[in-house]
Amino acid sequence: MAAQEADAGSRVTITEIARQAGVSVPTVSRVVNGRSDVSPQTRARVEDLLRRHGYRRRPASSPTRPALLDLVFNQLGSPWAVEIIRGVEEEAHTAGVGTVVSAIHGRSGDAREWVRGLRARASDGVILVTSALSSLHEELSVLGVPLVVVDPDGSPGLDVPTIGAANWSGGLAATQHLLSLGHRRIGLIAGPPRLLCSRARLDGYRAALEGAGVTPDEALVVPGDFRPEAGYAGCHALLDLPEPPTAVFAASDQMALGAVEALRGRGLRVPQDMSVVGFDDLPEVRWSAPPLTTVRQPLADMGALAVRTVLRLTRGEQPDSPRVELGTDLVVRASTAPPAS
C-alpha cells in the first residue's frame, strides 16, 4: 500500500480504494507497483482514487543505503520480546542490516501509523511478532515488502513464511517430566486460547496425560495470558480446588514465576509441597528461587532465522520451507520433585 500523506481525514484502507474503484485488492497493488498487466481504463480509475486520497508510491531503496528491516510486536517490554529482539539484532548486525523495532499495541490506529512510517523509511523487509497479521498482511502485500511471521497466531490462508517453536512437543515433555516423578494431578495454567502456541501446549499436556493412562481433568486447566499476574491468580484457583494438584505446568515462565509467588504466599514450598514447570527458559528463571524447571523455547534463534529468511526474500529467493518449527528442550532445575508422600 502506498502510504497516505494527505490530510488525516482522507485516510482509507486499500480495501476501500479497491471497493471504490470496483476492482480487487491485487489489482490496486499492481497499479501501485507499476505493473503493466492492468487495463488503461482501470489504471486511470485507480490512479485517480490514489491521488484523491493522498497516496504516494513507496520510494525505491538506494543501492548505497544499508538494508533496513522492521521488527513489529503487539507489546514491548516483556523478557520474551527482549529475547527475540536480541536474536534479530545480533543476526542483523552480522549481515550489516539496520533494524527498527515497533509496537502496535493491538490497535488499528497504531498499525496504520506504523505502515505509514514503514513506507517513509523504505524498509526492505518486515518481521512480524504480532497477532495483528490478518490486518497488516494486505497492506504489506500491496507495498511489495517481504514479510516473515514469528510465532504465528494461527491465522488461516496467509501465504507468508512463518517461524515458530515445537509447542506441542514442549507441552508433552513438561507434562511427561512431572508424570515421571510420580505426579498424577497436574494443573495447567494455559495461555490465551486464540493463540496457536497456547493450544499446542495444551494439546501436548493432554496427550502426555492420556499416554500415561491419566484421564485429563478440565478442572485442573485454568486460563492465563502469559503474564505473572495470571500465573499468580491461576495458581490460587488451583489451590482452592477440593483436591488441588501436586504439580503445576505454567504455559510461560512469567506465569510460572507468578505461581511460585502464590505458593509462597500460602506458606507452601517449591518443590517440596508443589512442583512447578514453566515454558520459555528466559534468562531470569535460572536465578529464581528455586531455579525453574522449564521448556526452552529458542526465542533468539527464532529471531535470527527470521532475519535470514526475510533477507532471502529481499533477494528474490524462496525459503527452504514456508513453515519452520524449531525444537524445544526440557531444562530440569530445582523446582520439580516427586510429590510429597
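First things first, this report covers the structure right here in the doc. (Residues numbered from 1 in each chain as written. Predicted model: local features only at pLDDT ≥ 70, side-chain atom pairs only at ≥ 80, totals over all residues. Heavy atoms only, no water.)

On to the packing of aromatic side chains, then. Scanning the model with the defined rule gives zero aromatic pairs in all. The positively charged end of arginine 201 is found above the aromatic ring belonging to phenylalanine 279, 3.9 Å away from the centroid. (Phe/Tyr/Trp six-rings, centres within 6.5 Å; stacked < 30°, edge-to-face > 60°. Lys NZ or Arg CZ within 6 Å of the ring centre and 35° of its normal.)

Turning our attention to helix H9 (residues 228-239). Taking 1.5 Å of rise per residue, twelve residues should cover 16 Å, and H9 covers 17 Å from first to last C-alpha, within 8% of that figure. If you check which residues of H9 are buried, you get Ala230, Gly231, Gly234, Cys235, His236, Leu238 and Leu239. The elements touched by buried residues of H9 are strand S6 (186-189), strand S7 (221-222), strand S8 (247-250) and helix H10 (253-265). (Helix = DSSP H or I, 4+ residues; strand = E, 2+ residues; numbered from the N terminus. Expected span 1.5 Å × (residues − 1). Buried < 20%, exposed > 50% of the residue type's maximum accessible area, 1.4 Å probe, protein only. Contact = heavy atoms within 4.5 Å.)

So, about the pattern of salt bridges. Under the defined criterion, the tally for this structure stands at 17 salt bridges. A salt bridge links glutamate 218 to arginine 206; the shortest N-O distance between them is 3.0 Å. Here arginine 206 lies in helix H8 (residues 196-211) and glutamate 218 lies in the loop between H8 and S7, a separation of twelve residues in the sequence. Judged by relative accessible area, glutamate 218 falls into the partly exposed class, the value being 44%. By relative accessible area, arginine 206 is classed as partly exposed at 25%. A salt bridge links arginine 264 to glutamate 261; its shortest N-O distance comes to 2.7 Å. In this pair, arginine 264 and glutamate 261 are both assigned in helix H10, three residues apart and thus about one turn of the helix distant. Judged by relative accessible area, arginine 264 falls into the partly exposed class, the value being 43%. In this structure, a network of salt bridges that share partners links the residues Arg312, Arg315, Glu317 and Asp320. (Salt bridge = Lys/Arg side-chain N within 4 Å of Asp/Glu carboxyl O.)

Turning our attention to the environment of glycine 258. With respect to the helices and strands, glycine 258 occurs in helix H10. With a relative accessible area of 5%, glycine 258 lands in the buried category. Spatially, the C-alpha atoms of glycine 258 and glutamate 229 are 6.0 Å apart, while their sequence positions differ by 29 residues. The contact partners of glycine 258, leaving out residues within four places of it in the chain, are Pro228, Gly231 and Tyr232.

Glancing now at the side chain of glutamate 83. Tracing the backbone through its elements, the reader meets glutamate 83 in helix H4 (residues 79-95). In this structure glutamate 83 comes out as buried when scored by relative accessible area, which is 13%.

This paragraph deals with the packing of helix H7 (residues 167-180) against H8. Where H7 contacts H8, the axes come no closer than 7 Å and their chain directions differ by 40 degrees. In this structure, H7 crosses over H8, and the sense of that crossing is right-handed. Within the contact between the two elements, H7 uses Asn167, Trp168, Gly171, Leu172, Thr175, Gln176 and Leu179 and H8 uses Cys197, Ala200, Arg201, Asp203, Gly204, Tyr205, Ala207, Ala208 and Leu209. Residues belonging to the contact of H7 with H8 are distributed by class as follows: nine nonpolar, five polar and two charged. (Axes fitted to C-alpha atoms, helices over the stretch in contact; angles between N-to-C directions. Left-handed = near helix turned anticlockwise from the far one by under 90°. Nonpolar A, V, L, I, M, F, W, Y, C, P; charged D, E, K, R; others polar.)

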